[in-house]
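Listed here are the chains, written in short residue letters.
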Amino acid sequence: MSYSILSIEDLKVSFKTSKGTVTANESIYLEIKEGEILGLIGETGCGKTTLGKAILRLLSGKAKLEGKIVYRGTDLLTLTEKEMRLFRGKKIGIMLQNPSACLNPVLSAGRQIAEIYRYHEGMGKKEAEKKAGEMLELVGISSSRGCDYPHQFSGGMMQRVMVAIGLALRPGLLVADEPTKGLDQDTKLQIAELIAGLVRKENASMLLITHDLELAGSFTDRIAVMYAGEIVEIGKTAEIISNPKHPYTLDLLHSLPGKGLRMVSGQPPSLVSPPSGCRYHPRCSFRVEACSVAHPGLMGPEGERFTRCLLSEKGRKKETAAQPFLTAQAAFRCRCEGEGI
Ligand SMILES: Nc1ncnc2c1ncn2[C@@H]1O[C@H](COP(=O)(O)OP(=O)(O)OP(=O)(O)O)[C@@H](O)[C@H]1O
Ligand SMILES: [Mg+2]
């Protein structure tokens, strides 16, 4: 039996803006198991970074967080800021999106890593520098480059420095937000392999946030698919890829190079006033009338799969007027099978 290292229960994150309240995460239930790599995928603006930052309580003061985020028995949302600082970096490591904005341009890479050991572990300067050098070597950078500044590193090298920072204190959980964004294909794979390899070696867990389904398919144990602030499907990676149950997951799969490169049509909705019913219904080619009215819950488990769709098996069984659902579900499955998914 595998225990959860992090359990998110009914999380809602909203921001008050001049255009109204943006609800970036809603009704989020998510579990990350000990030793597991969970992928969080979805289009831009769907709320992935918000969720990653919510876990570390790194959102700006105007964010309102409701629900529970439990790390090994401690609800992080009940901690004071001072208590939370002990969790950040030490128990939960983070690699934020966009390393050039995260790294301090006027401090050398080695110094930025060494500062972590000085702050969290009270090490002296020499000892912290030695540990920083070891960490650089671990991520494939010669310790002699510890004196170099961020602008002296390539994109891939900067990501390696971010990996060193994220894993410096050997956290139980790493939240990695788009760690390969902007990198060429080869470098992307090298960085993903490096992070996943180190996380697995430490028997740590990781939330891998990415809009790259192919990457998530290669390096995760399970995948959670997010759409317009909600999780719409979650399950084992191989099953999500080979047998998607939510039409949005299917459409994302079709956008992969080997599966037709067909972009998901239409635009993601506003998170100030999302569509009624299923949030995906305006873009869904399988929608039936009820989809614009009934807001589906996350239904399951079916094996380990949960799906937020009226057309999913469980939803279908619950429906009394089943015929339109059966027809749409049959069409959905035919399309999956016809296209080799
Ligand atoms: N501090 C904030 N104030 C107001 N709105 C915010 C804030 N942070 C995020 N949002 C809004 O929340 C929504 C989700 O943003 P988020 O950055 O979490 O998306 P994302 O899935 O990470 O996108 P990307 O793939 O582009 O990184 C967006 O509509 C964004 O504008
Ligand atoms: Mg993001």
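The rules we used
- Residues numbered from 1 in each chain as written.
- Chains lettered and ligands numbered in written order.
- Predicted model: local features only at pLDDT ≥ 70, side-chain atom pairs only at ≥ 80, totals over all residues.
- Domains from an automatic or database assignment.
- Contact = placed C-beta atoms within 7 Å.
- Helix = DSSP H or I, 4+ residues; strand = E, 2+ residues; numbered from the N terminus.
- Core = buried A, V, L, I, M, F, W, Y, C linked by C-beta atoms within 7 Å.
- Buried ≥ 20, exposed ≤ 12 C-beta atoms within 10 Å, placed from the backbone.
- Near = placed C-beta within 6 Å.
- Nonpolar A, V, L, I, M, F, W, Y, C, P; charged D, E, K, R; others polar.
- Pairing = 2+ DSSP bridges.
- Right-handed = clockwise from strand over helix to strand, strands pointing away.

Looking at the chain, the domain boundaries give domain 1 (4-103 + 170-225) and domain 2 (246-338). Of the residues lining the interface, 13 residues belong to domain 1; the matching set on domain 2 comes to 11 residues. Among the secondary structure elements, those contributing two or more residues to the side of domain 1 that touches domain 2 are β2 (20-33) and α8 (213-219). With 6 residues, β2 is the largest single contributor of residues to the side of domain 1 that touches domain 2.

All right, on to the nonpolar core then. Of all hydrophobic cores here, the largest spans 88 residues; its most connected members are Ala164 and Leu208. At 8 residues, the largest contribution of residues to this core is made by helix α6 (residues 155-167). Discounting chain neighbours no more than four positions away, the residues touching Leu208 are Ile37, Leu38, Gly39, Leu40, Ala176, Ala216, Phe219 and Thr220.

With that settled, consider the site of ligand 1. In the region of ligand 1, 16 residues are neighbours, and Phe15, Ala24, Thr44, Thr49 and Thr50 sit closest. Secondary structure elements with two or more residues in the shell around ligand 1: β1 (4-17), β2 and α1 (48-55). In terms of residue count, the dominant contributor to the shell around ligand 1 is α1 (3 residues). Among the residues making up the shell around ligand 1, the classes are represented as 5 nonpolar, 10 polar and 1 charged.

Here the focus is the environment of Ala294. In this fold, Ala294 is placed in the loop between α10 (247-254) and β11 (299-302). Between the C-alpha atoms of Ala294 and Leu310, which are 16 residues apart in sequence, the distance is 8.3 Å. Apart from the residues lying within four places of it in its own chain, the contact partners of Ala294 are Gly277 and Leu310.

Attention shifts here to the pairing of strand β7 (residues 173-177). The element β7 is largely enclosed, with a buried count of 5 among its 5 residues. Bridge count for strand β6 (residues 92-95) against β7 is 4 bridges, and the pairing is parallel. Considered in β7, the bridge of Met95 is made with Ala176. As paired elements, β7 and strand β8 (residues 205-210) share 5 bridges and run parallel to each other. Considered in β8, the bridge of Leu173 is made with Ser205. This β-α-β element, β7 to helix α7 (residues 185-201) to β8, shows right-handed connectivity.

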